Every structure is written in C-alpha cells, then in structure tokens.
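The primary structure of each chain is shown beneath.
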Amino acid sequence: MDRGPIVEIDLEAIAHNFRIAKKITGNRPIIAVVKADAYGHGSIEASRRLVKEGASYLAVAYAAEAVALRQAGIKTSLIVLFDKYDINDYFKYNLVPVIHDIKTAQVFSKEAKKRKQGISVHIKADTGMGRLGFNIDDLEKNINAIIKMDFLTVTGLMSHFSDADLSDRSYALMQLDRFNKLKNTMIKKGLKPLISHIANSAAVMSLPESHLDAIRPGLMLYGYSPLAAEQGPRGHSSFAVLRRTEGAKGPSIKIRQTLESLLRPAMTVKTKILSLRKLRKGSPVSYGRTFITSRDSLIAVLPVGYADGYSRVFSNNSDVLVRGKRSPVVGRVCMDTAMVDVTDVRGVIEGEDVVLLGRQKADVITASELAMKAGTIPYEILTSFGNKSRKVYTDGS
Ligand SMILES: *Cc1c(COP(=O)(O)O)cnc(C)c1O
C-alpha cells in the first residue's frame, strides 16, 4: 500500500467556479492563481482546464512553478508574483515578472538589453498589505526612471488586498482608492499599464468596484469562499444582488453565503479503513490516553496521519464520513494513522471508503469546517492535503 490518502480532483468543478467568476465580474479577463500546485489541486491539470475554459493569464508564486507549466506545454501568459531570482528563466520561458523595487527593474532591463530581448513586466504597489511592492511614494518618484528603462515594458499594474474578506470594507476601499490614484498618476506621467488588477477572491465576491481590468482569484476557483466562515444556505442565487450592493458594509452575510453556495469544491480526500477494532468500555485510544471509550466500541484505524496532511489538531476534534455517517476522530492523530469511532455505523467493514474531506451520500465535510476546527483557513487545509497526497482527476462526473 502506498502511503497517504487519495485526493480526488474534479476538474469540471474548477471550470464551473471559473465560469462563476466570469459571470459575477461581467466577463472580466481572469488571471487564475495556480500557485502552490494550484492550492494543492495539481497546477498542471488545473491550469490546463483553466486555460481551456478561457483563463487569460496564470499566476504562480515562484519562477520554478512557471517553468514546470511551460515544460508541460502550457503556452498561456504566466505571471510570477513573488520571485526575482532565476532571471534567465524569465527570458527562456517567456515569463512575466512582478517587479517590487527599482533595483530588480534595473536588473531585468540590463539582462534584456544584453539579450536584445524585450521583457514585459507588471509593477506591484504596496497599497497597505505590507508584504511586497513599491511603497507608493517611491513608485511615484521612480516612474520616470522605469519608463526610460531599455527593453522593459510595463504591461500591468497590480496591488494586493490585506482584508477584503472582512464585512467592514473601509480598509479595502482605502487600498483601492490609493491604487486608483496611483494608476492615474502613472498615466499622467506617460506610463500606460495595459491592465491593472487587484481583486483576489474576496474582492471578486464582495467588492465589484475593484474588478478593474482583470481579476486575480485563487481560492474561489477551487470552490471555497474566503468570506463567510459559516456554511451558506443552498438554493436561490442572484448575481444581480452583488451588483446592487454598494453600501459601505458590503454584501450581507446572506448574500455572501449565497455566493459561496454557487461554488463547487473541487477536492475530495479519501482513504480506506485499515483495521477495525472492538474495544471494551473504558479502553484508552492512542498516545496520551486522551480518549477513553465510554461504551463497548468499534474503532476504525485509518492509514492517514499528520504526515499526510491530516493535522494533529484534529485529535478528538473532527469527523470523517463512513457510509455517509459522521464518525468522530478519537484520541490523538498519529504520524501515519488516526482512529475514528464507528460504533454507530451499521455494517462497516475493513477496506471501506472513508471521506476526510468532501461529500459522501447526504453529508459533506468542507475545508471551511476543517479550517474552523483547526483554527486556520481553508487555503491551508487544501494545500496540506493536496501537496502531500496522490491525486486522481475526474472531469465532469
Ligand atoms: C494568492 C494570491 C492571490 C489569490 O488570492 P485568493 O484569496 O486565493 O483569491 C491573488 N494575488 C496575489 C498576489 C496572491 O498572492
């Protein structure tokens, strides 16, 4: 047996979410974010599907991720969000670097001149995220220098939101305001970036005025909303609602939930029961004896542990689905195994399918639910599973 759970990726769900993003942004060009192996979904497969669906650009964090996509035959424009090393790769593989400082701009210009090969770049401004990007004042000061740089063409201007996921939109609106002012200053000085983009998933879903020339979603493409932590009600949906909502507080919780309910999670994580144990009432389970059976119990041992992305924080603190029934994780999650109480599940057998994340029959365990239990965000749940497990792909089932 290979180690770890099986991660099933539904590529049609990713395509569906892409179409939702298109629809709620009035058909804006999409820069699909596929960093960190497409949030654990497999960057090559996800990218191919996103390109087929009409993604204008793909964005990754580091150059090596872009090189892997080129080597897989992907020809779409690739934006590298964070990296500034491996400069040769940008020329060899035709990648678009995001420039955060004047020194890096000079390095790229010099290399481009040496090669007599022009390079197109996007400029990033820090409007309040406090991560990477030109300080706004520095950028205004340096625009003239950037315009004059040989063989370097600025084709995009971008920034990133710090908290567009909050229902209080005041900080995000302040960032957007800074961004728009900066863009106007640049245009006045003669630099006309072709596209300006700032909207991550949260902004795509809740801040229509930030959609600008292109949107840059990641998480929502994989079926989750960064907005509401709670599960939304299923059912009636209205795209019109989003556009009508212009109030300072942003869309209500209800609208947020409605939007989330339109998305379709693409990842399911499964394993099989390794062993079934009958334990008498009063028996301890796993390291530290943190769980003692309160009745004669049937305990399933799963061949999945924290080394496989099933965090130790799920010890006595999560459920899995067995025969469509929620069964609690009991005792501590180990490195390679975890135990669940299946006493109440009828007819369970060894080798039986277990769902750690995703739907089984009428019930579902979402990455948002696991994130809440683990005190983290769905992003980390998806990448923890996805980047450690074998993946299988379905398209349209
Ligand atoms: C990760 C990332 C995104 C996508 O964010 P989501 O919240 O997943 O939509 C967009 N832009 C930048 C710069 C990022 O790092």
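Everything in this summary refers to the structure shown in the same document. Treat the numbers as computed from the prediction; the structure is a model and nothing was measured.

1. Points about the sheet that holds strand S18 (residues 338-341)
- Strand order in the open sheet formed by three strands is S12-S15-S18, with antiparallel pairing between adjacent strands. A single partner strand is all that each edge strand has here, and the edge strands are strand S12 (275-279) and S18. Strand-to-strand twist in this sheet, taken as the mean axis angle between neighbours without regard to direction, amounts to 30°.
- Bridge count for strand S15 (residues 297-302) against S18 is four bridges, and the pairing is antiparallel. Within the sheet, the bridge partner assigned to Ala300 lies in S18 and is Val340.

2. Structural notes on unusual backbone geometry
- For Ser286, which is not a glycine, the phi torsion comes out positive at approximately 70°.
- Counting through the fold element by element, Ser286 comes out in the loop between strand S13 (284-285) and strand S14 (291-292).
- Positive phi, normally seen in glycine, also occurs at Arg323, with a value near 50°.
- Its location among the elements puts Arg323 in the loop between strand S16 (319-322) and strand S17 (325-328).

3. A look at the site of the ligand
- Surrounding the ligand, one finds 15 residues, the nearest of these being Lys35, Tyr39, Ser201, Leu219 and Tyr379.
- Note that an oxygen atom of the ligand is positioned 2.8 Å from one of the backbone N or O atoms of Leu219.
- Taking Tyr379, its side chain carries an N or O atom lying 2.6 Å from an oxygen atom of the ligand.
- A total of 380 Å² of accessible area belongs to the ligand in isolation, and the protein chains cover 96% of it.
- Of the residues in the shell around the ligand, the class split is seven nonpolar, four polar and four charged.

Conventions and cut-offs
Residues numbered from 1 in each chain as written. Predicted model: local features only at pLDDT ≥ 70, side-chain atom pairs only at ≥ 80, totals over all residues. Heavy atoms only, no water. Pairing = 2+ DSSP bridges. Helix = DSSP H or I, 4+ residues; strand = E, 2+ residues; numbered from the N terminus. Axes fitted to C-alpha atoms, helices over the stretch in contact; angles between N-to-C directions. Near = heavy atom within 4 Å. Polar contact = N/O pair within 3.5 Å; in protein donor to acceptor, adjacent residues only side chain to side chain. Areas by Shrake-Rupley, 256 points an atom, 1.4 Å probe, with all protein chains shown as cover. Nonpolar A, V, L, I, M, F, W, Y, C, P; charged D, E, K, R; others polar.

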